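The lines below spell out each chain.
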Amino acid sequence: MEIFFTREIPAIAEILLKKHLFKVKVYKKNNSIPKDILIKNIRNADGLISLLSDKIDKNLIDAMPKCRIIANYAVGYNNIDLDYARSKGIIVTNTPDVLTESTADITLALTLACARRLPEGQKIMKTNKFKGWGPKLLLGIELSGKYFGIIGAGRIGTAVAIRAKAFGTKILYCSNHKNDFLESVTGAKKVPLAKLLSLSDIISLHLPLTPKSYHLLNKDNLKLLKPNAILINTARGEIVDEKELIKLLKNNKIFAAGFDVYENEPNINPDLLKLKNVVLLPHVGSATFEARNKMAELAAQNVIAVLSGRKAITPV
Ligand code: DGY
């Protein structure tokens with residue numbers, strides 16, 4: 001059976017699949033595979049390993065009549081037309097758990113970078129403008145004692161809360177479900193969204209992109225943020241109305257925002273690039289050797305399981 005990879009991922013995936021006698025074809029270039037090339041290559045694929053940047057829509061699904069599994073190399077799966085895949089009997093899998101710690105780490109990295117204005121400091125140093133210690137130089141915000149609001153209290157939200165707790169913050173969360181573990185470990189309190197937004201000093205998004213969460217932070221909700229708030233998004237860009245957020249940042253209505261994801265990824269709103277009070281990362285939440293290796297292994301194991309007639313390990 002043939003498996004097509006839309007991009008090269010850590011070698012463990014190919015090694016495992018070949019060990020199980022699958023034929024593996026990989027798009028080797030260092031860019032997102034163009035749709036026409038992808039369509040040409042998947043006609044005979046029994047399985048597809050896709051990235052979050054590959055839009056797996058009806059056209060693509062129709063172009064792979066033999067496919068029985070789409071193993072997305074990501075925890076998010078908003079890039080896939082799930083209903084249509086299901087209607088064709090295709091199993092879709094993702095890579096939960098294995099990237100939780102890495103994504104939680106980068107969330108705290110962004111939080112601290114925003115709170116303590118690390119990129120501004122870096123710029124002073126790299127442009128040789130450091131004139132010595134200054135009583136007012138780059139004053140920032142201390143995390144201890146602040147309210148840390150987590151929207152979406154699943155695995156990543158919980159791992160973020162545990163880290164944030166260690167910095168002395170008080171955890172608030174908003175979620176469809178009560179998270180007893182989170183509450184018992186961090187003392188977190190579950191509150192409605194409006195309350196979380198108006199009370200929190202740091203707000204961090206950890207929910208999937210769905211039609212319901214699209215622009216969850218719209219103009220009205222963003223207006224609830226405190227003047228010293230820091231907003232962190234390591235989930236999906238489309239959860240925030242980016243244009244409205246940029247207006248707040250331009251007018252210093254909030255302290256800062258840290259982005260790992262963008263509304264029109266990979267295109268970045270040029271206004272964002274001009275702002276001082278933002279920290280911008282190129283969607284690297286899961287970019288650790290540990291997470292990426294485990295993601296590759298899990299994606300391959302899902303393919304092997306499904307194509308050997310067993311249940312997927314992490315079906316969506
Ligand atoms: C995912 O896996 O969905 C993340 O966005 C990767 O950083």
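Scroll up a little and you will see the structure.
What this report covers is the structure whose coordinates are included nearby. (Residues numbered from 1 in each chain as written. Predicted model: local features only at pLDDT ≥ 70, side-chain atom pairs only at ≥ 80, totals over all residues. Heavy atoms only, no water.)

## Details of the packing of helix H1 (residues 12–19) against helix H13 (residues 289–307)
Working step 1: In the contact formed by H1 and H13, the axes pass within 8 Å of each other and the chain directions differ by 25°. With respect to H13, the element H1 is oriented roughly parallel. Considering only the axes of H1 and H13, their crossing is right-handed. Across from Ile 12, Ala 13, Leu 16 and Leu 17 in H1, the residues of H13 making contact are Asn 293, Ala 296, Glu 297, Ala 300, Gln 301, Val 303 and Ile 304. (Axes fitted to C-alpha atoms, helices over the stretch in contact; angles between N-to-C directions. Helix = DSSP H or I, 4+ residues; strand = E, 2+ residues; numbered from the N terminus. Parallel < 35°, antiparallel > 145°, perpendicular 65-115°, else oblique. Left-handed = near helix turned anticlockwise from the far one by under 90°. Contact = heavy atoms within 4.5 Å.)

## With respect to the pairing of strand S2 (residues 23–26)
In the case of a regular strand, side chains alternate between the two sheet surfaces.
Working step 1: Residues Val 24 and Val 26 point to one face of S2 and are all buried, whereas Lys 23 and Lys 25, pointing to the other face, are not buried.
Working step 2: As judged from the four bridges shared by strand S1 (residues 2–5) and S2, these two strands associate in the parallel manner. Each residue of the ladder has a partner; that of Phe 5, found in S2, is Val 26.
Working step 3: Read from S1 through H1 to S2, the crossover connection turns out right-handed. (Buried < 20%, exposed > 50% of the residue type's maximum accessible area, 1.4 Å probe, protein only. Pairing = 2+ DSSP bridges. Right-handed = clockwise from strand over helix to strand, strands pointing away.)

## A few points about the sheet that holds strand S11 (residues 256–259)
Within a sheet, adjacent strands bond to each other through the backbone by hydrogen bonds, running parallel or antiparallel.
Working step 1: Spatial ordering of the open sheet is given by S8-S7-S6-S9-S10-S11-S12, a layout of seven strands whose pairing is parallel. One side of each edge strand has no neighbouring strand; the edge strands of this open sheet are strand S8 (189–190) and strand S12 (278–280).
Working step 2: As judged from the two bridges shared by strand S7 (residues 170–174) and S8, these two strands associate in the parallel manner. Considered in S8, the bridge of Tyr 173 is made with Lys 190.
Working step 3: On top of the sheet, helix H5 (residues 100–115) reaches strand S6 (147–151), strand S9 (202–205), strand S10 (230–233), S11 and S12; it is set at about 150° to S10, its chief contact.
Working step 4: Packing against the sheet, helix H7 (residues 155–166) makes contact with S6 and S7, and its axis sits at approximately 175° to S6.

## Points about the site of the ligand
Working step 1: Residues in contact with the ligand, as listed here, are Leu 52, Ala 74, Val 75, Gly 76, Leu 99, Arg 236, His 283, Gly 285 and Ser 286.
Working step 2: One of the side-chain nitrogen or oxygen atoms of His 283 is found 2.7 Å away from an oxygen atom of the ligand.
Working step 3: Ser 286 has a polar backbone atom sitting 3.4 Å from an oxygen atom of the ligand.
Working step 4: Computed on the free molecule, the ligand has an accessible area of 240 Å², of which 94% lies beneath the protein chains in the complex.
Working step 5: By residue class, the composition of the shell around the ligand is four nonpolar, four polar and one charged. (Near = heavy atom within 4 Å. Polar contact = N/O pair within 3.5 Å; in protein donor to acceptor, adjacent residues only side chain to side chain. Areas by Shrake-Rupley, 256 points an atom, 1.4 Å probe, with all protein chains shown as cover. Nonpolar A, V, L, I, M, F, W, Y, C, P; charged D, E, K, R; others polar.)

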